[in-house]
Amino acid sequence: MSVAQLKVTSHVARDLLQSAALFKHEHAVVWEYVSNGLEYVEAGKQSIVDVSVDAKSKKITIRDSARGMSRGDLHRYFQMHGENIDRKKGKPGRGMFGTGKSAAFGIGDLLRITTIRGGLRQKVELTRRAVEGSADGSGIPVRVLESDIKTHEPSGTIVEIEGIHLKKMDVGSIARHVERHIARWPNATVFVNRTQCKMTEPPYSSVRRSSTKGTAFEASLGIAELVLKVAKASLEPELQGVAIFSNGVWHANTLAGCEGRPFANYIFGEFDVLRLSQDESPIPAFDMSRSMQLNIRNEIVAQIYAFLGSQIQILRREIEKTDRDRRRERDVKRLTEEAHEIARIINRDFDEWRDHLHRTLARVQGGKDRLQKSNASEDSGDGLSPGSELPAIILEDESGERSTEYSPDDLPNDPTPNPDQPNEPGPSLAPSNDDEDKIAKRRNKSKTSGSGGFNVDFLNMGIEDARAKYERDVRTININLDHPQIAAALALDGIEDIAFRRLCYEVAFSEYAIALSSELAGGDWYHDITDPIVDIRDTINRISRSAAALYSKV
């Protein structure tokens, strides 16, 4: 009696739909076809890719001028996980898993391909209904609309995705995703809804290069160079971190464990590790999902993250130290005082606005404040800073040396600074009963972002950056001293010039109004697209009235 031979088989329909499920967002789907249009070109030629997103018709079209596909190429294209011909010939690239035919079904119901190569046009389409209708798991029929039609049209491919079931298509996310990827793509030309994608590198103040050569990492990673750059201003989340490449293909972006730490959001760069694409270990470094994530259980990936983490941490600590030194400089101290004054006006308005919001929400059953303040915000008190209004004694000088002139009995109760409060510049002071030498003045404890208020700071962010930028995580408004308008005002007569100070008030108040609406939008507060515009106008009008006294100061 013969025994039937056992074979590993695949249910093609389920296989395709499971692969499609990995593509959950429009930007990942679009990039899958854009990258094909950029990569598969004739030698010596350059492809132009045009992406059209029709939100009303729920349709996306990707048109390229690459080499196109023949009828035989289409047979290989629709083979699940088929071997990539270019990679077989030794040409590096992204095509490793054959996901092109399935990506469209991550968000849509129909994939139509029109392609021309060698003067012959092919046109085919595949629908979700056809995929789901293949119940026996055998091959799925692809509908052929045109086959080997002669044409004088140039080579290229048009990919159409229809029946998109996303509630909203984010054109901005598509453009940003494309721009981030083509940063390393030589001469790539891509348009999204008629706007050319261009990756503009953030302005940076310094560059650091390090290599695995001669280190313990060389054995596992080979010789690979890491390039780290320090941006002049905090980076948007998608621009933060190190881009990990292998043979020119971008696989991930990471801060390698330094996420959320001070000044990590200023660091970006790239690390190209050839051995990552050559890895054949049982635990793969990445999968077919194009998720921009690496598998930390893979030994090479683990070593990459260990090397990156140590180098980013060293640089981050240096930036932090430089920032502390910067804040001790005279002009920066004066700017900090001005920033505190602006923040005081903003936080006074914020408290009044929030109290009004509390009263409004109290009338609505189940109402909840999107911007609740913590108990810490109720604290108040005074401290001492250098001046000539009040008698005081010096506890520590600016270098941190403890004074030996006074014993503990001479000091007020508990003169130790609160560890939760940031150290103020200058010597540490305590009250005294001696009226002869008045060396201090009272300072009010300012609110910080930790207590629910806003901070204001002045930074050199580069001439190309905006006048101000709001850092939501620490609720800080950064005013850009390098912006041509602000720099010109500062150059007139320094920090004390009233024109410079008035401009800073206007910039900060405008950014605050936008930030306040942004915070509310993050809490799904708004129901109509015009609501934030009304709120921004009202906030600017309200705070400019309450801060009118600032404009009369000289």
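How each quantity is defined
- Residues numbered from 1 in each chain as written.
- Predicted model: local features only at pLDDT ≥ 70, side-chain atom pairs only at ≥ 80, totals over all residues.
- Heavy atoms only, no water.
- Salt bridge = Lys/Arg side-chain N within 4 Å of Asp/Glu carboxyl O.
- Helix = DSSP H or I, 4+ residues; strand = E, 2+ residues; numbered from the N terminus.
- pLDDT = per-residue confidence, 0-100.
- Contact = heavy atoms within 4.5 Å.
- Core = buried A, V, L, I, M, F, W, Y, C linked by side-chain atoms within 4.5 Å.
- Buried < 20%, exposed > 50% of the residue type's maximum accessible area, 1.4 Å probe, protein only.
- Expected span 1.5 Å × (residues − 1).
- Polar contact = N/O pair within 3.5 Å; in protein donor to acceptor, adjacent residues only side chain to side chain.
- Axes fitted to C-alpha atoms, helices over the stretch in contact; angles between N-to-C directions.
- Parallel < 35°, antiparallel > 145°, perpendicular 65-115°, else oblique.
- Left-handed = near helix turned anticlockwise from the far one by under 90°.
- Nonpolar A, V, L, I, M, F, W, Y, C, P; charged D, E, K, R; others polar.
- Pairing = 2+ DSSP bridges.

Draft legend 1. Molecular detail of the pattern of salt bridges. Scanning the entire structure with this criterion turns up 27 salt bridges. Measuring nitrogen to oxygen at the nearest pair gives 3.3 Å for the salt bridge that ties D148 to R71. In this pair, D148 sits in strand β5 (residues 143-150) while R71 sits in helix α3 (residues 71-77), placing the two residues 77 residues apart along the sequence. A salt bridge links E519 to R472, with the shortest nitrogen-to-oxygen separation between them at 3.5 Å. A residue pair is termed long-range when its members are at least 10 positions apart, and E519 in helix α13 (residues 498-522) and R472 in the loop between β18 (468-471) and β19 (476-480) qualify at 47 residues.

Draft legend 2. Main features of the confidence of the model for the protein chain. Here the protein chain averages 80 in pLDDT, and 77% of its residues register 70 or above. Low pLDDT (under 50) marks residues 93-97, which in the prediction has 21 contacts with non-local residues, meaning those over four places away or in another chain. In this model residues 402-426 is a low-confidence stretch, pLDDT under 50, and it forms 17 contacts with partners more than four residues away in sequence or in other chains.

Draft legend 3. Looking closely at the nonpolar core. Membership of the largest hydrophobic core comes to 43 residues, with the highest contact counts inside it found for Y33, V34, V51, I60 and I62. At 7 residues, helix α2 (residues 26-39) tops the list of elements feeding residues into this core. Here V51 is in contact with V30, V34, I60, T61, I62, F191, V192 and N193, once residues within four sequence places are set aside.

Draft legend 4. Quick peek at α13. Here α13 is 25 residues long and its end C-alpha atoms lie 36 Å apart, about the 36 Å a rise of 1.5 Å per residue gives. Capping the start of α13 is the job of one residue whose side-chain oxygen sits 3.2 Å from the backbone nitrogen of A499: D497.

Draft legend 5. Here's a closer look at the packing of α2 against helix α7 (residues 171-181). Look at α2 against α7: their axes get within 8 Å of each other, and the N-to-C directions meet at 50 degrees. Judged by the inter-axis angle, α2 sits oblique to α7. Considering only the axes of α2 and α7, their crossing is right-handed. The segment α2 lies against α7, with E26, H27, A28, V30 and W31 engaging S173, I174, H177, V178 and H181. Here the contact of α2 with α7 is built from residues that sort into 5 nonpolar, 4 polar and 1 charged.

Draft legend 6. Region of the structure containing the pairing of strand β3 (residues 110-117). Most of β3 sits out of view: 7 of its 8 residues are buried. As paired strands, β3 and strand β4 (residues 120-127) are joined by 8 bridges and run antiparallel to one another. Looking across to β4, one finds that R112 is bridged to E125. The antiparallel hairpin formed by β3 and β4 contains 2 residues in its connecting segment, where G118 sits at a positive phi of about 60 degrees. Sheet topology note: the β3/strand β6 (residues 156-162) ladder contains 7 bridges and is antiparallel. Following the sheet pairing, R112 is matched in β6 by E160.

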